[in-house]
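Observations on the model geometry
The lines below spell out each chain.
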Amino acid sequence: MLVQVRDNNVDQALRVLKKKMQREGIFREIKLRRHFEKPSEKRVREFSEAIRRSRKLLRKRLEREGY
């Protein structure tokens, strides 16, 4: 990941870097890898995330179409 520092403004470059890392999901990945996750726990977590994503998509679709 590359972030350019303009006019020696490190604060702004750091803000841009954090935003890019957030979008890529790096912070989430670090949080998940701090401790070992059993395969059964991983399966349950991924399944619940998939349900959450599908419900969110359905909500947005219903909001757009106005049902």
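The preceding data block contains the structure.
Computed from a prediction, not measured in an experiment: that's the story for all the values here.

Across its full length, the protein holds three helices and zero strands. When the helices and strands of the protein are read in sequence order from the N terminus, they spell out α-α-α. In terms of overall dimensions, the protein is more spread out than a globule: its C-alpha atoms have a radius of gyration of 18 Å, far above the 11 Å expected for 67 residues. The dimensions of the protein, computed from C-alpha atoms along their principal axes, are 50 × 40 × 15 Å.

What follows is about the pattern of salt bridges. Throughout the structure, instances matching the rule amount to four salt bridges. The shortest N-O distance in the salt bridge between Glu29 and Arg33 comes to 2.6 Å. Remark: Arg33 and Glu29 occur in helix α2 (residues 26-33); sequence separation between them is four residues, near one turn of the helix. Among the ionic contacts, a cluster of salt bridges with common partners joins Arg28, Glu37, Arg45 and Glu49.

Side chains of Arg55, Lys56, Arg59, Lys60, Arg61 and Arg64 sit close together on the surface and give a patch of like positive charge. With respect to the helices and strands, the residue Arg59 is situated in helix α3 (residues 39-65). Residue Arg59 is classed as exposed on the basis of its relative accessible area of 56%.

What you tend to see is this: most non-glycine residues have negative phi, and most peptide bonds are trans. With phi around 55°, Asp7 is a residue other than glycine that occupies positive phi space. Its location among the elements puts Asp7 in the segment before α1 (10-24). Within the chain, Asn8 stands out as a residue other than glycine whose phi angle is a positive 55°. When you line up the elements, Asn8 lands in the segment before α1.

The next thing to look at is the environment of Ala13. Here Ala13 lies in helix α1. In this structure Ala13 comes out as buried when scored by relative accessible area, which is 9%. For the pair formed by Ala13 and Leu62, sequence separation is 49 residues and the distance between their alpha carbons is 39 Å. Dropping the residues within four chain positions of it, Ala13 is found in contact with Val3, Gln4 and Val5.

Rules used in this analysis
Residues numbered from 1 in each chain as written. Predicted model: local features only at pLDDT ≥ 70, side-chain atom pairs only at ≥ 80, totals over all residues. Heavy atoms only, no water. Helix = DSSP H or I, 4+ residues; strand = E, 2+ residues; numbered from the N terminus. Rg over C-alpha atoms; globule rule 2.2 N^0.38 Å. Salt bridge = Lys/Arg side-chain N within 4 Å of Asp/Glu carboxyl O. Patch = residues over 30% accessible without salt bridge, like charges linked within 9 Å, V, L, I, M, F, W, Y side chains within 5 Å. Areas by Shrake-Rupley, 256 points an atom, 1.4 Å probe, with all protein chains shown as cover. Lys, Arg positive; Asp, Glu negative; His and termini not counted. Charge placed at Lys NZ, Arg CZ, Asp CG, Glu CD. Buried < 20%, exposed > 50% of the residue type's maximum accessible area, 1.4 Å probe, protein only. Contact = heavy atoms within 4.5 Å.

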